[in-house]
Amino acid sequence: MFWYETFDEIMAHELPAVQVEKDVPLCRHTSFRIGGPARRMAFPTSTAELAGTMDAAARCGVQPFVLGKGTNLLMADEGLDTLVIKTENMNAIRQLDELTLEADAGVSLARFAVFAQQAGLAGMEFAHGIPGSLGGAMYMNAGAYGGEMKDIVAEVTALFPGGVRTLTVEEAELGYRSSAFARNGAIVLSVKVRLHKDEPAAIRARMDELMARRKKTQPLEYPSAGSTFKRPVGNFAGTLIEQTGLKGLTVGGAQVSEKHAGFVINVGGATAADVMALIEEVQKRVLEASGVQLEPEVRIIR
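All values derive from a computational prediction rather than experimental measurement.

Caption draft 1: Main features of the packing of helix α3 (residues 109-118) against helix α6 (residues 200-217). Running from N to C, α3 and α6 cross one another at 150°; their axes reach a closest spacing of 8 Å. Classified by the angle their axes make, α3 and α6 are roughly antiparallel. Contact with α3, carried on its side by Ala 113, Val 114, Gln 117 and Gln 118, involves Pro 200, Ile 203, Arg 204 and Met 207 of α6 and no other residues of that element. Residues belonging to the contact of α3 with α6 are distributed by class as follows: 5 nonpolar, 2 polar and 1 charged.

So, in structure tokens, the structure goes:
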């Protein structure tokens, strides 16, 4: 019996309320619109359901891949012969006190930022235009326009192999596009943020200003995974790529954006192989021209 047949039986008998889909095209669940089928995809709605789904996978000898909004990922063309757990249905937001909010991992950063704004709480403006989930934002310590998650996080609750634990922001080890969760395999369940009071209209104005800047400078009209490369020390990836004359460079359906050279975009029918070939060509030419080795920010999942 294949692992997924055993998994189906366990879930049907022990967790029938959890939605499980078969052979799901990952291109439908990633912002790049790239990726072959996942053998199984589960959609838990609570911590208990997620833990139970993880346990079922372990009993089948499978290591699941946890997926939020799929905004910083390049999925393999051949898909994944594993279980993908999508957290989008874990999406509650709670106000704990005058300055503290808590949200589940599947909540989108945009929705969380709007919730905070409407409550008259400032500090999340930078996150409004980041198109990921809260769990993914913690995994990568997402940031933009001078703000990042570590600036506002108070605590993170995560599922470890030994059970659920709550970490302080220091224990989460949030660095530039990195965290303890990227290294220890724990799954973010919920996050508490500590904000400060301000007028909702003033907060909204700052959010709108940042969104206008984003729309003006980034190729939001095309599928992408956001910034393709991490920022090299003392420079900007987009600047180095543009100076090397690579704007518009194309491999198959993948292209270095002519609007912002730091983005590789899907101009139509791009495959993961196209994107990888383009990333490698950009790295090679930038290294030759400037001596800087660009490191991908996008997570490449094979």
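Caption draft 2: Layout of the side chain of Ser 224. Within the fold, Ser 224 resides in the loop between α6 and α7 (237-243). Judged by its relative accessible area of 11%, Ser 224 falls in the buried class. At 3.1 Å, the side chain of Ser 224 and the backbone nitrogen of Gly 226 are in polar contact. Beyond its immediate chain neighbours, meaning those up to four positions away, Ser 224 contacts Ser 31, Phe 32, Thr 71, Phe 263, Val 264 and Ile 265.

Caption draft 3: Representation of the nonpolar core. Within the largest apolar cluster, 38 residues are counted, with the highest numbers of intra-cluster contacts made by Phe 112, Met 138, Met 149 and Phe 181. Looking at this core, the elements that each hand over two or more residues are β7 (100-104), α3, β8 (121-122), α4 (134-140), β11 (153-160), β13 (187-194) and α6. Here Phe 181 is in contact with Met 138, Tyr 139, Val 156, Ala 158, Leu 167, Ala 172, Ala 186 and Val 188, once residues within four sequence places are set aside. Membership of the second largest hydrophobic core comes to 24 residues, among which are Leu 74, Ala 254, Met 276 and Leu 278.

Caption draft 4: Highlighting α6. Relative to the 26 Å expected for 18 residues at 1.5 Å per residue, α6 spans 26 Å between its end C-alpha atoms, a close match to the ideal helical length. Contacts from the buried residues of α6 go to α3, β8 and β9 (143-144).

Caption draft 5: Quick look at empty space enclosed by the protein. One pass over the full model with this rule turns up 1 cavity of 30 Å³ or more. Each pocket or cavity is described by its volume, and for the largest cavity that value is around 40 Å³. Lining the largest cavity are Glu 125, Phe 126, His 128, Gly 129, Tyr 145, Met 207, Leu 210, Met 211 and Arg 214.

Caption draft 6: Looking closely at the sheet that holds β13. A sheet is described by the order of its strands in space; here 5 strands give the open sequence β6-β7-β13-β11-β12, paired in antiparallel fashion. Each edge of the open sheet carries a strand with a single partner, namely β6 (93-95) and β12 (163-168). On average, each strand axis in the sheet is inclined to that of its neighbour by 15°, with strand direction left out of account. For β7 and β13, the ladder comprises 5 bridges, and the chain directions are antiparallel. Each bridged residue has a counterpart across the sheet, and for Glu 102 the counterpart in β13 is Lys 192.

Caption draft 7: Region of the structure containing helix α8 (residues 272-290). The end-to-end C-alpha distance of α8, which contains 19 residues, comes to 27 Å, matching closely the 27 Å that a straight helix rising 1.5 Å per residue would cover. Ala 272, Asp 274, Val 275, Met 276, Leu 278, Ile 279, Val 282, Gln 283 and Val 286 are the residues of α8 that are buried. Turning to α8, the residues buried within the fold contact β4 (73-75), α7, β15 (250-251), β16 (254-256), β17 (264-266) and β18 (299-301). One or two residues past the end of α8 sits Gly 291, with phi positive at roughly 80°.

Caption draft 8: Region of the structure containing the sheet that holds strand β2 (residues 37-43). What the 4 strands build is an open sheet, ordered β1-β2-β5-β3; its pairing is mixed. The strands lining the two open edges of the sheet, one partner per strand, are β1 (19-25) and β3 (65-67). The sheet shows a mean angle of 30° between the axes of neighbouring strands, taken without regard to direction. Across 4 bridges, β2 lies against strand β5 (residues 80-86) in parallel orientation.

Caption draft 9: Molecular detail of the environment of Leu 67. Positionally, Leu 67 belongs in strand β3. Considering only alpha carbons, one finds Leu 67 and Ala 48, 19 residues apart in sequence, at a separation of 17 Å. If sequence neighbours within four positions are ignored, Leu 67 has contacts with His 29, Met 41, Leu 73, Met 75, Val 84, Ile 85, Lys 86 and Thr 87.

Conventions adopted
Residues numbered from 1 in each chain as written. Predicted model: local features only at pLDDT ≥ 70, side-chain atom pairs only at ≥ 80, totals over all residues. Heavy atoms only, no water. Axes fitted to C-alpha atoms, helices over the stretch in contact; angles between N-to-C directions. Helix = DSSP H or I, 4+ residues; strand = E, 2+ residues; numbered from the N terminus. Parallel < 35°, antiparallel > 145°, perpendicular 65-115°, else oblique. Contact = heavy atoms within 4.5 Å. Nonpolar A, V, L, I, M, F, W, Y, C, P; charged D, E, K, R; others polar. Buried < 20%, exposed > 50% of the residue type's maximum accessible area, 1.4 Å probe, protein only. Polar contact = N/O pair within 3.5 Å; in protein donor to acceptor, adjacent residues only side chain to side chain. Core = buried A, V, L, I, M, F, W, Y, C linked by side-chain atoms within 4.5 Å. Expected span 1.5 Å × (residues − 1). 1 Å grid on protein atoms, 1.4 Å probe; cavity = no way out; pocket = protein on both sides within 12 Å on 5 of 7 lines; lining within 4 Å. Points joined across faces, edges and corners; volume = space filled by probe spheres on them. Pairing = 2+ DSSP bridges.

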